[in-house]
Amino acid sequence: MPCSLPHCAAPLTNRDRLVGMSAPIISPSILAADFSRLGEELTAIDTADWVHVDIMDGHFVPNLSFGPDITATVHRLTDKPLDVHLMIEEPEKWVETYAKAGAHTIIFHVEAVADEQAAVDLAQSIRGLGVRAAFSIKPGTAIEPWLDKLQYFDEVLVMSVEPGFGGQKFMPEMLEKVRLLRRSIDEQKLNTVIEIDGGISPETIEAAAAAGCDAFVAGSAVFKAEDPTSTVERLRNLAAGV
């Protein structure tokens, strides 16, 4: 989504590619893909809107995934915008690296920065790189302190599982955060996208959409399906109420 703030007036090639994209946005997580045949896996989700890239450092979360080299490879193999989720400590040290690797959105965790002002400053730095800026919150983190800072972010990622591992069960109580976000974004007349990640499947996506989500990360539900292509379409239709 385009940024309306004055400091975003410079040409923003990566972010401009998302202009005009409407919800529901389906963003399969390659954490659940078969990396021995990554090109084929990406081709199988050609009907998706974004590709979600989970970066884990083994410190902020206990699991370890991959880094900028794999991100750059994914960027080379697909023309889909990359939704890069940094589940890492000290994200401010890595945003430029992932912007150069091809990220179109960089998501960092508010729990990984010093305070709310540090989060706003980091978002402005990310936007200055020509990339959409987003924050994510763990299930145990309250959304209320962030509602008056949404104008600094292009996207908010609500975790509906504990971050760090795929295949977890959806936590429906996280939808209250989505409802609060939806109300606040609408009241402020912002274009901030609400994304949800964790346990999204044909059984849970309708409730998430009804709560106010615009974008949906799905890993196992897509890549473990017999037909990932049709599963992406099914998820989109369910989210759209078709």
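An account of the accompanying structure is given in this report. Numbers given to residues run from 1 along each chain, matching the order in which its sequence is written. For a predicted model such as this one, the threshold for reporting local features is a pLDDT of at least 70, and the threshold for listing and counting side-chain atom pairs is 80 or more; totals across whole chains, interfaces and linings nevertheless cover every residue. In computing side-chain values, all of the structure's heavy atoms are included and hydrogens and water are not.

As for the sheet that holds strand β5 (residues 132-137)
Stage number 1. One open sheet accounts for eight strands, arranged β1-β8-β7-β6-β5-β4-β3-β2; its pairing is parallel. Every interior strand has two partners, whereas the edge strands, β1 (25-28) and β2 (51-56), have only one. Between one strand axis and the next, the sheet turns through 25 degrees on average, direction left out of account.
Stage number 2. Here, a strand pair is defined by DSSP locating no fewer than two bridges between the strands. Counting from the N terminus, the helices are DSSP H or I runs at least four residues long and the strands are E runs at least two residues long. By the bridge criterion, five bridges tie strand β4 (residues 103-109) to β5 in an arrangement that is parallel. Following the sheet pairing, Ile107 is matched in β5 by Ala134.
Stage number 3. Note on contacts: a residue pair is in contact if any heavy atoms of the two residues lie within 4.5 Å. Note on definitions: angles span 0 to 180 degrees between N-to-C directions of axes, and those axes are lines fitted to C-alpha atoms, for helices only across the stretch in contact. Along the sheet, helix α6 (residues 175-188) contacts β5, β6 (155-159) and β7 (193-197); its crossing angle with β7, the most-contacted strand, is approximately 170 degrees.
Stage number 4. Taken strand by strand, helix α9 (residues 228-240) contacts β1 and β8 (215-218), and its axis lies near 145 degrees from that of β1.

What to know about the pattern of salt bridges
Stage number 1. When a carboxyl oxygen of Asp or Glu lies within 4 Å of a side-chain nitrogen of Lys or Arg, that pair is called a salt bridge. By the definition in use, this model includes 13 salt bridges.
Stage number 2. As a salt-bridge pair, Lys93 and Glu90 come within 3.2 Å of each other at their nearest N and O atoms.
Stage number 3. Judged by its relative accessible area of 57%, Lys93 falls in the exposed class.
Stage number 4. For Glu96, the salt bridge identified is with Lys100, shortest N-O distance 3.4 Å. Placement of the pair is Glu96 and Lys100 together in helix α4 (residues 95-100), with a separation of four residues, close to one helical turn.
Stage number 5. Taken together, the salt bridges that share partners define one network made up of Arg37, Glu40 and Glu41. Throughout, exposure labels follow a simple rule: accessible area from a 1.4 Å probe, protein chains only, divided by the maximum for the residue type, with under 20% read as buried, over 50% as exposed, and the rest as partly exposed.

Details of the side chain of His52
Stage number 1. Counting through the fold element by element, His52 comes out in strand β2.
Stage number 2. Beyond its immediate stretch of four places on either side in the chain, His52 contacts Ser27, Pro28, Ser29, Ile30, Asp83, His85, Ile107, Leu157, Glu195, Asp197 and Val217.

Re the packing of aromatic side chains
Stage number 1. By convention, a stacked pair of Phe, Tyr or Trp rings (six-membered ring in the case of Trp) has centres within 6.5 Å and planes under 30 degrees apart, an edge-to-face pair has planes over 60 apart, and any other such pair is tilted. For the structure on display, the rule yields five aromatic pairs.
Stage number 2. Measuring from ring centre to ring centre gives 6.3 Å for Phe108 and Phe153, while their planes differ by 50 degrees; the resulting arrangement is tilted. Of this pair, Phe108 sits in strand β4 while Phe153 is found in the loop between β5 and β6, placing the two residues 45 residues apart along the sequence. Assigned by exposure class, Phe108 and Phe153 land together as buried.
Stage number 3. Considering the side-chain rings of Phe135 and Trp146, the 5.3 Å spacing of their centres and the 40 degrees angle between planes classify their relative orientation as tilted. Here Phe135, found in strand β5, pairs with Trp146, found in the loop between β5 and β6; they are eleven residues apart in sequence, far enough to count as distant. In this structure, Phe135 and Trp146 share a single accessibility class: buried.
Stage number 4. Cluster of aromatic residues (ring-pair linked, three or more members): Phe108, Phe135, Trp146 and Phe153.
Stage number 5. One cation-aromatic arrangement involves Lys138 over Phe60; the distance from NZ or CZ to the ring centre is 4.4 Å. Counted as over-ring charges are cases with an Arg CZ or a Lys NZ within 6 Å of the ring centre that also lie within 35 degrees of the ring normal.

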